[in-house]
Amino acid sequence: MMCEQPIKLVYVDDRIDAILSRYLDEFSSQQVDLNLNYQEVPFSKEDTYEELLRNELVRTANILLIDSRLFEEADAGKEKFTGEEFRIILSRMFPYIEVVVISQNALDVSWSCVEKCKGNRNYAQAKVHYDGKLKATLEEKVKIIRETRMLIARLENRENIDRALVEKIRNLADGTDEYDELKVSDIDRLVQAFNDLVSKG
């Protein structure tokens, strides 16, 4: 049975990797029962991380794949971020976006980093690599998103609950524009409120 609301998988890179893109597209197409929607956001050298944070596809993504070196090629006069550092910024502003960093460097699995397939390779070789390195991570992120949605839906159906609070949590999870101006402290409060409501349920 297909989910009512699609799960949005978004890949951001300054040089979209055609083989990785094909893998993500095929992975999404195979998840028929999940209604997984795959899209890409090319990031140019002229872009800033602030512009990326305002990008509609990024804001409303459920799973975001971002290259570790995304900001390293930016204008040398600007502050540079790694994909891992940008992940921290995203987690504070959009705590319900599941972020996966694609890296060619040494990896720390606690960061949800996945090794990029290196060197000259054909698609069959790359697919073996990503089946082993990326597929389980994507499946875990999908599981987290589905569980969060089910919990929010359960809260919405409960009696004697603060409807305004649940609606704010729902909108935050969906990345709606209404919450553009939320402060980090406001977001932290909503996330804590969600955790409190779940623990009581």
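Please refer to the structure higher up on the page.
Here's what I pulled together on the structure shown here. For clarity, every value in this text was computed on a predicted model and none was experimentally measured.

A closer look at the overall build of the protein chain
Scanning the protein chain from N- to C-terminus turns up 8 helices and 5 strands. Traced from its N-terminal end to its C-terminal end, the protein chain shows the element sequence β-α-β-α-α-β-α-β-β-α-α-α-α. When burial is assessed residue by residue, the protein chain has 42% of its 201 residues classed as buried. When contacts within the protein chain are restricted to residue pairs at least 6 apart in sequence, those whose partners lie at least 24 apart make up 67%.

Re the nonpolar core
By size, the foremost hydrophobic cluster in this structure holds 24 residues, and its most contacted members are Leu9, Leu24, Ile63, Leu65, Leu134 and Leu138. The set of elements that each furnish at least two residues to this core consists of strand 1 (7-13), helix 1 (18-30), strand 2 (36-42), strand 3 (63-67), strand 4 (98-103), helix 5 (123-133) and helix 6 (135-156). It is helix 1 that provides the largest number of residues to this core, a total of 5 residues. Val41, Leu52, Leu70 and Phe94 belong to the second-largest nonpolar core, a separate cluster that totals 18 residues.

Comments concerning the packing of helix 1 against helix 6
At their nearest, the axes of helix 1 and helix 6 sit 12 Å apart, and the two run at 45° to each other. On the basis of their axis angle, the class for helix 1 and helix 6 is oblique. Judged by the sense of rotation from one axis to the other, the crossing of helix 1 with helix 6 is right-handed. Along the contact surface, helix 1 presents Tyr23, Leu24 and Phe27, while helix 6 presents Lys135, Leu138 and Glu139. The residue makeup of the contact of helix 1 with helix 6, split by class, is 4 nonpolar, no polar and 2 charged.

Regarding the packing of helix 6 against helix 7 (residues 163-174)
Working note: a packed helix pair is described by the angle between its axes plus the distance between those axes. For the pair helix 6 and helix 7, the least separation of the axes is 10 Å and the interaxial angle reads 160°. As judged from the angle between their axes, helix 6 and helix 7 are roughly antiparallel. Remark: the crossing between helix 6 and helix 7 carries left-handed chirality. Along its contact with helix 6, which presents Arg149, Ile152, Ala153, Leu155 and Glu156, the element helix 7 presents Arg163, Val166, Ile169, Arg170 and Ala173. Broken down by class, the residue content of the contact of helix 6 with helix 7 amounts to 6 nonpolar, no polar and 4 charged.

Considering the pattern of salt bridges
Scanning all chains against the criterion turns up 8 salt bridges. Arg22 is paired through a salt bridge with Glu26; the nearest N and O atoms lie 3.1 Å apart. Taken together, the residues span about one helical turn, with Arg22 and Glu26 both in helix 1 at a distance of 4 residues. Taking the relative accessible area as the measure of exposure, Arg22 reaches 43% and is therefore partly exposed.

Some details on the side chain of Ser28
Looking at the element boundaries, Ser28 is found in helix 1. Each residue touching Ser28, except ones within four places of it in the same chain, is listed here: Leu9, Leu36 and Tyr38.

A word on helix 6
In this model helix 6 runs 32 Å from its N-terminal to its C-terminal C-alpha over 22 residues, within 8% of the 32 Å that 1.5 Å per residue would give. Listing the buried residues of helix 6 in full gives Leu138, Lys141, Val142, Ile145, Thr148, Arg149, Ile152 and Leu155. With its buried residues spanning 155° around the axis, helix 6 presents them on a single face. Those residues of helix 6 that are exposed and angled more than 90 degrees off the buried face are Ala136 and Met150.

Parameters and conventions
Throughout this document, residue positions are counted from 1 along each chain, in the order its sequence is written. Side-chain atom pairs in this predicted model are given and counted only at pLDDT of 80 or more, local residue features only at pLDDT of at least 70, and totals for whole chains, interfaces and linings cover all residues. Hydrogens and water are ignored here; the side-chain numbers use all heavy atoms of the structure. Secondary structure counts use DSSP, requiring at least four H or I residues in a row for a helix and at least two E residues in a row for a strand, with both numbered from the N terminus. Buried, partly exposed and exposed residues are distinguished by accessible area as a fraction of the type maximum, computed with a 1.4 Å probe on protein chains only: under 20%, between the cut-offs, and over 50%, respectively. Two residues form a contact once any of their heavy atoms are found within 4.5 Å. Note on terminology: a nonpolar core comprises buried Ala, Val, Leu, Ile, Met, Phe, Trp, Tyr and Cys residues joined through side-chain atoms within 4.5 Å. Axis lines are fitted through C-alpha atoms, for helices just across the contact stretch, and the angle between N-to-C directions can take any value from 0 to 180 degrees. To sort the angles, those under 35 degrees are grouped as roughly parallel, those over 145 as roughly antiparallel, those from 65 to 115 as roughly perpendicular, and the leftovers as oblique. Helix crossings are classified by the rotation of the near helix relative to the far one: an anticlockwise turn of less than a right angle makes the crossing left-handed, while a clockwise turn makes it right-handed. Only Asp, Glu, Lys and Arg are considered charged in this grouping, and only Ala, Val, Leu, Ile, Met, Phe, Trp, Tyr, Cys and Pro are considered nonpolar; every other residue, Gly among them, is considered polar. Counted as salt bridges are all cases of a side-chain nitrogen of Lys or Arg within 4 Å of a carboxyl oxygen of Asp or Glu. A helix is expected to reach a length of 1.5 Å times the quantity of its residues less one. The arc in question is traced by the directions running from the helix axis to the C-beta atoms.

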